[in-house]
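# Structural overview
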Amino acid sequence: MSRKKWLAGGLVSALVLIGLVALPASAATSVRLQYKTSASGATADQVEPWFNLINNGTTAIPLSGVKLRYYFKADSASQQYRFACSWAVVSCSTITGTFGTISPGTATADRYLEIGFTSGTLATGAQTSDMQLRFYRADWQRVTQSDDYSFGTNTSYLDWTKVTVYQNGTLLWGTAPSGGNPSPSPSPTGGSPSPSPSGPPPGGSGVVFDDFNYADANDSTITAHHWTIRTNQGGPGIPGATWPQGNISFPVVSGTNKALQLKSVTDGTSAGTQQSEVLHQRKFLEGTYAARVKFSDAPVSGPDGDHIVQTFFTITPLNQDLDPNYSEQDFEYLPNGGWGEPANIMYATSWETYRNEPWLAVNTHTANRISYDGWHDLVLQVSGGQIKYYIDGALFATHGDIYYPETVQSVNFNLWFISGGLLGSSTPRTYVQQVDWFYHSKNEVVAPAEVLNRVNSYRSSSTRWVDTVPSA
């Protein structure tokens, strides 16, 4: 079952807030652990063990006494690892992760990740449901996991005995490798838990950063860096409008810092209308997306008043009417209104799907009717069934349910005119939108302030471009 359908089904958490109960040393305490992974390759950017713990016994279990151990072989004796929780029904705030060593170790295990809980109780017959966990090398290089004791390639939950479960040091489930049981408690090594590492080094795994330091639209590194400047005709916008490559440029906006600039022009006719778009390859899904974008309330030349849309968004192609695999998350600023709005409006819109003829939109949106003229930091977080939109560090919208994306998307910036919304004037006018930088961290929720810290770190080290997100 997809996460979208699972969320729409109205999950009721099996965790109950009841008083902690002392456990009898008997068969009344019985658990079962299920495991799957969202990274099933022999190597991966990060190891992604997901767990579901089930209470099969007749006594409620205080989670504060429960430990899970996932065993693995370190890539080198000195290698350090970092732990993170992407999302969990029981809340990531209650989950801890520490690393320990097994001595002398085996061919498939000389380390373990130990998962603990700070609070909560698992009622009789209940389960934790999804705990989406991950860990990665501190140097952000790829991890070899095919030789790890606890690793499995199953992408659906199965009972898994190669991960052990302990209650107050007593083994309740699973089989540990030689030396892998607590004796009496773990001695963590490899660093403290790091739910959101501060400032991955340049070239870090699962990251895209671009400072848009290109010469012009003909710069060959634009394509090498997986961007495409659109030149084909079609929607959105004015039927018959063109999308010239020359409408993309990279002017200096401060000091020596350049920005991506999109230009769109019109004289009120289809033949005289040009729009602009730049898009990245389709390989993004969960994680954090961010860009610093300059919106404009007026054209740089010519009369004002056209219904123009200034954007930063992610999208999956629509392959058929009401395509269930379609998705889209938009920041859309309309400085002159449009779609029935008379003036400035900012939309955050999340799409499930749509049909062109007759028009049917399956989406949800949040709007604010104020001016956003000038530079703004836009952050989109896609994780755990929720889509969160931030503008300048403030939460703007939260969407979810059927609108949560399920297939990989591309990242896009475009500047286009709403059909039927052109000003009644034949005087040419030119609009621009600028993008200072773009940042993405795969499968990680990064706070807006931390995004800025990381971007500043890249710039401080004169790192202009990084892309370590694998192609889909």
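Criteria and cut-off values
Residues numbered from 1 in each chain as written. Predicted model: local features only at pLDDT ≥ 70, side-chain atom pairs only at ≥ 80, totals over all residues. Heavy atoms only, no water. Helix = DSSP H or I, 4+ residues; strand = E, 2+ residues; numbered from the N terminus. Buried < 20%, exposed > 50% of the residue type's maximum accessible area, 1.4 Å probe, protein only. Contact = heavy atoms within 4.5 Å. Areas by Shrake-Rupley, 256 points an atom, 1.4 Å probe, with all protein chains shown as cover. Core = buried A, V, L, I, M, F, W, Y, C linked by side-chain atoms within 4.5 Å. Disulfide = S-S within 2.5 Å. Pairing = 2+ DSSP bridges. Axes fitted to C-alpha atoms, helices over the stretch in contact; angles between N-to-C directions. Expected span 1.5 Å × (residues − 1). Arc of directions from axis to C-beta.

In the annotation of an unreviewed UniProt entry, the protein is listed under the name Hydrolase and assigned to Acrocarpospora phusangensis.

### Remarks on the overall build of the protein
Helix and strand content of the protein: three helices and 32 strands. Within the span of the protein, comprising 472 residues, buried residues form 52% of the whole. Within the protein, contacts between residues at least 6 apart in sequence are counted, and of these 74% link residues at least 24 apart. For the protein, the computed accessible surface area is about 18700 Å², with 51% contributed by carbon and sulfur atoms.

### Comments concerning the nonpolar core
Residues L260, F312 and F413 are the most contacted members of the largest nonpolar core, which totals 43 residues. Setting aside chain neighbours within four positions, we find L260 in contact with F212, I248, S249, F250, V278, F413, Q433, Q434 and V435. L63, A74, F117 and W173 belong to the second largest nonpolar core, which has 35 residues in total.

### Re the state of the cysteines
Considering all chains together, one arrives at one disulfide under this definition. Each disulfide pairs two cysteine sulfurs, and for C85 the partner residue is C92, the sulfurs being separated by 2.0 Å. Where C85 bonds to C92 through sulfur, the torsion about that S-S bond is close to -70 degrees, and the disulfide is left-handed.

### A look at the sheet that holds strand β1 (residues 31-37)
Reading across from one edge, β6-β10-β3-β1-β12 is the order of the five strands in this open sheet, with antiparallel pairing throughout. Lying at the two open borders of the sheet, with one neighbouring strand each, are β6 (81-88) and β12 (158-159).

### Some details on the environment of F396
The topology assignment puts F396 in strand β29 (residues 394-400). Judged by its relative accessible area of 16%, F396 is buried. C-alpha separation for the pair F396 and N368, spaced 28 residues apart in sequence, amounts to 8.7 Å. In contact with F396, other than residues within four places in its own chain, are M346, Y347, A348, T366, A367, N368, Y372, Y389, Y390 and I391.

### Quick word on unusual backbone geometry
P104 follows S103 through a cis peptide bond whose omega is 10 degrees. Of note, the bond from E357 into P358 is cis; its omega dihedral lies within 30 degrees of zero at -15 degrees. Take P358: it is sitting in the loop between β25 (345-355) and β26 (360-368). One non-glycine residue, N443, lies in the positive phi region at around 60 degrees. Residue placement: N443 occurs in the loop between β31 (429-442) and α3 (448-460). On the accessibility criterion, N443 (16% relative accessible area) is buried.

### Concerning the sheet that holds strand β7 (residues 95-101)
Taken together, five strands build an open sheet; the order of strands is β7-β8-β5-β13-β14 and the sheet is antiparallel. Strand pairing shows two members of the sheet lacking a second neighbour, β7 and β14 (170-173), which therefore form its edges. Averaged over all neighbouring strand pairs, the angle between strand axes comes to 30 degrees, with direction disregarded. Note that strand β13 (residues 163-167) and β14 share three bridges and pair antiparallel. Among the inter-strand pairings, Y166 is bridged to a residue of β14, identified as L171.

### Looking at α3
The end-to-end C-alpha distance of α3, which contains 13 residues, comes to 18 Å, matching closely the 18 Å that a straight helix rising 1.5 Å per residue would cover. For α3, the full list of buried residues reads P448, E450, V451, R454, V455 and Y458. Taken end-on, α3 shows its buried residues confined to a sector of 160 degrees, consistent with a single buried face. Exposed positions of α3 whose direction lies more than 90 degrees from the buried face are A449 and S460. Considering only its buried residues, α3 is in contact with β15 (207-210), β22 (287-295), β27 (374-383), β28 (386-391), β31 and β32 (465-467). S462 occupies a position one or two residues after α3 and carries a positive phi of about 60 degrees.

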